[in-house]
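These are the residues of each chain, in order.
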Amino acid sequence: VRVPVVILILVLDWRAFKSCGRHLSHHSRHLTPALHFVAVHGECHSAFEWYTIYTIVDLLISLYGVSLGFQWCNATEQSPLYNISLDEEAPLKVYTGYRHPRSYGT
């Protein structure tokens, strides 16, 4: 869900950045306080570039995390469902905790 939402926000922010700097007094009531600050200082183009780079890196990291999640799910679903033995008929030791039971109340 995260990746499509970030892409949607990026597209909407691209639209907002298009109006940044153009007719500042006319569009100032439609801009967010942060975008208005950027427009007042004339840094629309620089902020747009940095925002785009940051969002693309964010999307790449998110997609990498999604791929790791799918690989983990695939590995856990496709892994063998039996215990791997090392040429032993029976396990060397089995600890159950019942050999020396704790005596309560003594």
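Residues numbered from 1 in each chain as written. Predicted model: local features only at pLDDT ≥ 70, side-chain atom pairs only at ≥ 80, totals over all residues. Heavy atoms only, no water.

### Some points on helix α3 (residues 33–40)
- Taken residue by residue, α3 has L35, V38 and A39 as its buried positions. The arc that holds the buried residues of α3, viewed along the axis, is 100 degrees, so those residues lie on one side. Exposed and oriented more than 90 degrees from the buried face of α3 are P33, A34 and F37.
- Where α3 ends, the next residue or the one after it, G42, has phi of about 70 degrees, a positive value. (Buried < 20%, exposed > 50% of the residue type's maximum accessible area, 1.4 Å probe, protein only. Helix = DSSP H or I, 4+ residues; strand = E, 2+ residues; numbered from the N terminus. Arc of directions from axis to C-beta.)

### Regarding the pattern of salt bridges
- Scanning the entire structure with this criterion turns up 1 salt bridge.
- With a closest N to O distance of 2.7 Å, D58 and R2 form a salt bridge. On the criterion of sequence distance, the pair formed by D58 in helix α4 (residues 44–78) and R2 in helix α1 (residues 2–19) is long-range, its members being 56 residues apart.
- Using a relative accessible area of 45% as the deciding quantity, one classes R2 as partly exposed. (Salt bridge = Lys/Arg side-chain N within 4 Å of Asp/Glu carboxyl O.)

### Considerations on the side chain of T55
- As for its position among the elements, T55 is in helix α4.
- T55 sits in the buried class, given a relative accessible area of 4%.
- With sequence-adjacent residues up to four places away left out, T55 is seen in contact with V6 and L10. (Contact = heavy atoms within 4.5 Å.)

### Quick look at the packing of α1 against α4
- At a minimum axis separation of 10 Å, α1 and α4 run at an interaxial angle of 170 degrees. For the element pair α1 / α4, the angle class is roughly antiparallel. Along the contact surface, α1 presents R2, V3, V6, I7, I9, L10, D13, W14 and F17, while α4 presents C44, A47, F48, Y51, T52, T55, D58, L59, S62 and L63. (Axes fitted to C-alpha atoms, helices over the stretch in contact; angles between N-to-C directions. Parallel < 35°, antiparallel > 145°, perpendicular 65-115°, else oblique.)

### Some words on the nonpolar core
- Counting residues in hydrophobic clusters, the biggest one holds 6 residues: F17, C20, L35, V38, A39 and C44.
- In terms of residue count, the dominant contributor to this core is α3 (3 residues).
- In this view, V38 contacts C20, E43, C44 and A47; residues no more than four positions away in its chain are not counted. (Core = buried A, V, L, I, M, F, W, Y, C linked by side-chain atoms within 4.5 Å.)

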